[in-house]
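Remarks on the overall topology
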Amino acid sequence: MIRFLLNDELVSLEDCSPELTVLEFLRTNKGRTGTKEGCASGDCGACTVVVAEPAGGQLRYTSLNSCITFVGTLHGKQLLTVEHLEQSGALHPVQQAMVDLHGSQCGYCTPGFIMSMFALYKSCDTPSRSDVERALAGNLCRCTGYRPIIDAALSLAGRGAKDQFSDAETRVREQLTQILKDAPSASLTQDDHRFYIPSTSDELASLLQAYPRAKLVAGGTDLALSVTQQLQQPEVLIYTGRVAEMAEIRKSEDALLIGGGVSYSVAEPLLHKHFPAFADLLERLGSLQIRNQGTIGGNIANASPIGDTPPVLLALNAKIHARSGNHCEAIPVDQFFTGYRETALPEQGFIEQIEIPLQPERELYVFKISKRLDDDISAVCAAFSLSIDDCGAVTDARLGFGGMAATPARAINAEQALIGKPFTEEGIKAAQTALASDFSPIDDVRASGEYRLMVAQNLLLRAVLEQNNPTQEPLEVVQYA
Ligand SMILES: Cc1cc2nc3c(=O)[nH]c(=O)nc-3n(C[C@H](O)[C@H](O)[C@H](O)COP(=O)(O)OP(=O)(O)OC[C@H]3O[C@@H](n4cnc5c(N)ncnc54)[C@H](O)[C@@H]3O)c2cc1C
Ligand code: FES
Ligand code: FES
C-alpha cells in the first residue's frame, strides 16, 4: 500500500495500476480536471503539479510533470494541484498576480504556469528575472506571450511566501514523516503488475534478483514515455527514489559521490561548488520540472548517444558503481557504453553511485549545441578536461562527446594530438583534424553529420578563446551562441 497527502486528504492506494500516472489519477480517478494534458510527454508543462516533501527540517516544494510521473512515486509526499490554491473563495497570491497582470488568454496553459510559479513562490522569496525564466522554461503558452506571465511572477518578489501552506507546514511535515516511518518500503499491485518502493540497496538488489525483467524507475523522465507514448506495460516497476544509499550526494576526500537516485536539482548545488561548468550544463538539461525528477543515474543507464551528462562524466574520468545481488563493481565510464543503448551494467544490476574524482588543477569546458537554449536535446554535447602546464602546454586531455557516434565517446585521437601542444588556435589544429578520424557522425533531424563534425572542431576553438580571453564576452554553456 502507498500513502500520500492530496493537499490535506490522506490517500491510501493498494490495488492500483502501477502504470497509473499522477495526471490520470487526478483527472480520471479524482475528477480533478484543473490539471491539463497537453503533450503527455513532459514537454509542455500543462500538467504541472507541485509535490512537497520533508527535507532539512522543512518542506521542499518542487514542480513536476504529472503526465510522466507514476502515482507510486508519491508515497510519503504531499501532492498539490491548482484546485488547492484558493482559500475560502480568495485566490492565492500567485493566481491573483496572473489575473492582475493579464497573464492568461485561452487559459489552457494557465494551471501549469500557476503551479510552476507557486513552486517558485514557496522556494524563493525574491526571485530574479533569471530565476523566473528558469522556473517557467518548461511551460509553453501559445496565446498570451510570456511578458505578462513573467511580470506576474516578478510581482510576487518579497511577498514572504506566506499562505495557508506555510500555516500547515509543521503538521504536514509530521504527517509525511510518520507515513515514511510506518512504511519506509511500500508497493502497489494490480493483477500480476506491481510497483515496488524499496528503501534500502539490499532490498532493491533482492527485488531485482526476484524479478529479473523488472524495470527500474528513477525520475521516470525517460522510462514513463515508454508507457505513455509506446503503450508498454511493464509487469514490475521498481522505484529507486526512496533507496537510502542512492539518495545522497556527498564529497569524500578526493571525489564527489552521487547516489543513483539523486535528482539533478538536488545534485546541482554541490556540483556547482566543484564543477561549475557541469552544473551550468544542467541548467540547459530539459526544464526545471524534468530536472526536479530526472537523475544522472537514469541519464547514464538510458545510454542515449545524445544524453547530456555522459560526455562530461567521460571527460571527468568518472566511475559507475554498479551492484548486482551482493556483487559490487566500479566501472570506468569509458568502458560503460558498449554499443547503441547497450551498457556494461551486469544482469539484474543497478547504478548505486557515480564517483567523480575531484581534480581542481584541471580546466573543464562544457558546451551544448541545440536549437533552443532551454528544454532541448543536444545535437552535439562536448566536455573537455585539460591539464595545462605553466608554459601553456597541454599535459593531459580527456575529451567527451555526445551526438557524434552511436554511444557517448571519448575522442582518443584528438586527445593525443593535443598533448604537448600549446592550447592556442594554432596548437589545437592537429586535434581538430584528428576529430575526423575519431568520429563519423550521422545525419538526422537534429543536425547533419558534416555540421556535427564542424561544430565539434569549432568547440575546441571556443574553449581556446575562453581560456585565453577570460575578459571577453562570456562563452559559457548558459549563453546564447
Ligand atoms: C521533456 C524532456 C526533456 C529532456 N531533456 C533532456 C536533455 O536536455 N538532456 C538529456 O540528456 N536528457 C533529457 N531528457 C531525458 C531524461 O530526462 C534524462 O535522460 C534523465 O536523466 C533520465 O533520468 P530519470 O531518472 O528520469 O530516468 P528514468 O526514466 O527513471 O530511467 C531511465 C532508464 O534508466 C534506468 N535506470 C534508472 N535509474 C537506474 C539505476 N540507478 N540503475 C540502473 N538503471 C537505472 C531505467 O530503468 C530506464 O531504463 C529529457 C526528457 C524529457 C521528457
Ligand atoms: S502534458 Fe505536456 S508536460 Fe505533461
Ligand atoms: S493562454 Fe492559451 S496557451 Fe497560454
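Residues numbered from 1 in each chain as written. Chains lettered and ligands numbered in written order. Predicted model: local features only at pLDDT ≥ 70, side-chain atom pairs only at ≥ 80, totals over all residues. Heavy atoms only, no water.

Side note on the domain arrangement of the protein
Going by this rule: Residue ranges assigned to the domains are those given by an automatic or database domain assignment. Contact definition: two residues touch when any of their heavy atoms are within 4.5 Å. Buried area is calculated as the accessible area (1.4 Å probe) missing from two parts once they are joined, with the contributions of both summed.
With domains assigned, the protein is organised as domain 1 (2–10 + 18–178), domain 2 (182–245) and domain 3 (248–468). Using only C-alpha atoms to locate each centre, domain 1 and domain 3 end up separated by 33 Å. Each side of the interface is counted separately: domain 1 has 17 residues, and domain 3 has 11 residues. Here domain 1 and domain 3 share an interface that buries about 1100 Å² over both sides, 45% of which is from carbon and sulfur atoms. Taken as a group, Ser63, Arg134 and Ala137 account for 39% of the area that domain 1 buries against domain 3, more than any other trio of residues on that side.

Considering the pairing of strand β18 (residues 380–388)
Note the cut-off: Working definition: with a 1.4 Å probe on protein chains only, accessible area under 20% of the residue-type maximum means buried, over 50% means exposed, and in between means partly exposed. Runs of E in the DSSP output that reach at least two residues are strands. Runs of H or I that reach at least four are helices, and both are numbered from the N terminus. Here, strands pair whenever DSSP counts at least two bridges between them.
Of all nine residues in β18, eight are buried; the element is thus mostly enclosed. Across seven bridges, the pairing between strand β17 (residues 363–369) and β18 is antiparallel. Residue Ile369 lies in a different strand from β18, and its bridge partner there is Val380.

A short note on the nonpolar core
To be explicit about the condition: Put simply, a nonpolar core is a bunch of buried Ala, Val, Leu, Ile, Met, Phe, Trp, Tyr and Cys residues held in one set by side-chain atoms that sit within 4.5 Å of each other.
In this structure, Leu271, Phe278 and Ile356 are the most contacted members of the largest nonpolar core, which totals 68 residues. No other element matches the five residues that helix α11 (residues 276–283) contributes to this core. Residues in contact with Phe278, not counting those within four places in the same chain, are Leu271, Ile296, Thr309, Val312, Leu313, Leu316, Ile356, Leu364 and Val366. Among the nonpolar cores identified, the runner-up in size contains 35 residues, and Phe118, Leu120, Leu136 and Val172 belong to it.

Quick look at helix α5 (residues 146–154)
For α5, every residue scored as buried is listed here: Pro148, Ile149, Ile150, Ala152 and Ala153. Residues of α5 that are buried make contact with α2 (93–100), α3 (110–123) and α4 (129–136).

Digging into the sheet that holds strand β9 (residues 236–239)
Selection rule: Every axis in this analysis is a line fitted to C-alpha atoms, fitted for helices over the stretch in contact. Angles between the N-to-C directions lie between 0 and 180 degrees.
Pairing is mixed across the open sheet formed by four strands, whose spatial order is β6-β7-β9-β8. Each of the sheet's edge strands pairs with one partner strand only, and the pair in question is β6 (186–190) and β8 (215–217). Neighbouring strand axes in the sheet, compared pairwise and without regard to direction, differ in orientation by 20° on average. In the sheet, strand β7 (residues 193–197) pairs with β9 via three bridges, with the strands oriented parallel. Residue Tyr196 lies in a different strand from β9, and its bridge partner there is Ile238. Each of β7, β8 and β9 is contacted by helix α8 (residues 201–210), which is oriented at about 165° to β9, the strand it contacts most.

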